[in-house]
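# Structure at a glance
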Amino acid sequence: MSRVPKNVQETLARNLELEQARAYSREISKGRAQAEWYSRDFQKLTTLSNGGTLSRRTQELKKTGVDTGIVAIKAARQARLKELFEREALQYEAELNGRGLSLVKPRD
């Protein structure tokens, strides 16, 4: 067996440590960028074009509007997904029928 010199082992260990630190730094940078984006987006929501700020009531109304929009988007997405799953189930059943197979369906 060949013996790896101690200085090579130390260098490899140091390189591994540096790579882990770089990976952690990249991960932190992504989080920082997201936090800055959210902060900037919130600032846009609460700041007027003339430099003033919105009243608390107006901010609450905007937030309510955004929340309502999110609920509407979720409902539309769920409806599309349900339609997609039903369509795929029919396609799957048709494919099985084409092969002479069938699904056992419960009687309601």
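The present account deals with the structure reproduced in this document. (Residues numbered from 1 in each chain as written. Predicted model: local features only at pLDDT ≥ 70, side-chain atom pairs only at ≥ 80, totals over all residues. Heavy atoms only, no water.)

## A few points about the overall build of the protein
This is how the line gets drawn: Helix numbers and strand numbers start at the N terminus; a helix is a DSSP run of H or I with at least 4 residues, a strand a run of E with at least 2. Per-residue and other accessible areas follow the Shrake-Rupley method at a 1.4 Å probe size, with only the shown protein chains counted as cover for residues.
The helix and strand tally for the protein stands at two helices and zero strands. When the accessible area of the protein is evaluated, it comes to approximately 10300 Å², of which 56% is carbon and sulfur surface.

## Quick word on the pattern of salt bridges
Counted only if it meets this: Salt bridges are counted wherever a side-chain nitrogen of Lys or Arg sits within 4 Å of a carboxyl oxygen of Asp or Glu.
Tallied over the entire structure, the rule returns six salt bridges. Linking R14 and E17 is a salt bridge whose minimum nitrogen-to-oxygen distance equals 3.4 Å. Pair noted here: R14 and E17 are both in helix α1 (residues 6-46), with a separation of three residues, about one helical turn. Close ionic contact of E19 with R22 constitutes a salt bridge, the shortest N to O distance being 3.8 Å. Of this pair, E19 and R22 are both found in helix α1, three residues apart, which corresponds to roughly one turn of the helix. Each member of the salt-bridge network shares a partner with another, and the members are E19, R22 and R26.

## Notes on the environment of T68
Counted only if it meets this: As used in this structure description, the phrase polar contact means that two N or O atoms lie within 3.5 Å; if the pair is within protein, one of them must be able to donate a hydrogen and the other to accept it, and residues adjacent in sequence are counted only when both atoms belong to side chains.
Within the element layout of this structure, T68 appears in helix α2 (residues 56-98). From its side chain, T68 meets the backbone oxygen of T64 in a polar contact 2.8 Å long.

## Observations concerning a nonpolar patch on the surface
What counts here: Grouping into patches uses exposed residues only, defined as over 30% relative accessible area, and leaves out salt-bridged ones; the cut-off is 9 Å for like charges and 5 Å for nonpolar side chains (Val, Leu, Ile, Met, Phe, Trp, Tyr).
On the surface, V4, V8 and L12 cluster together into a nonpolar patch covering about 240 Å² of accessible area. Along the chain, the position of L12 falls in helix α1.

## A few points about α2
Put simply, the test is: A helix's residues, less one, multiplied by 1.5 Å, set its expected span.
Between its first and last C-alpha atoms α2 spans 62 Å; for 43 residues at 1.5 Å apiece the expected length is 63 Å, and the two agree. Following α2 by one or two positions, G100 adopts a phi angle in the positive range, close to 85°.

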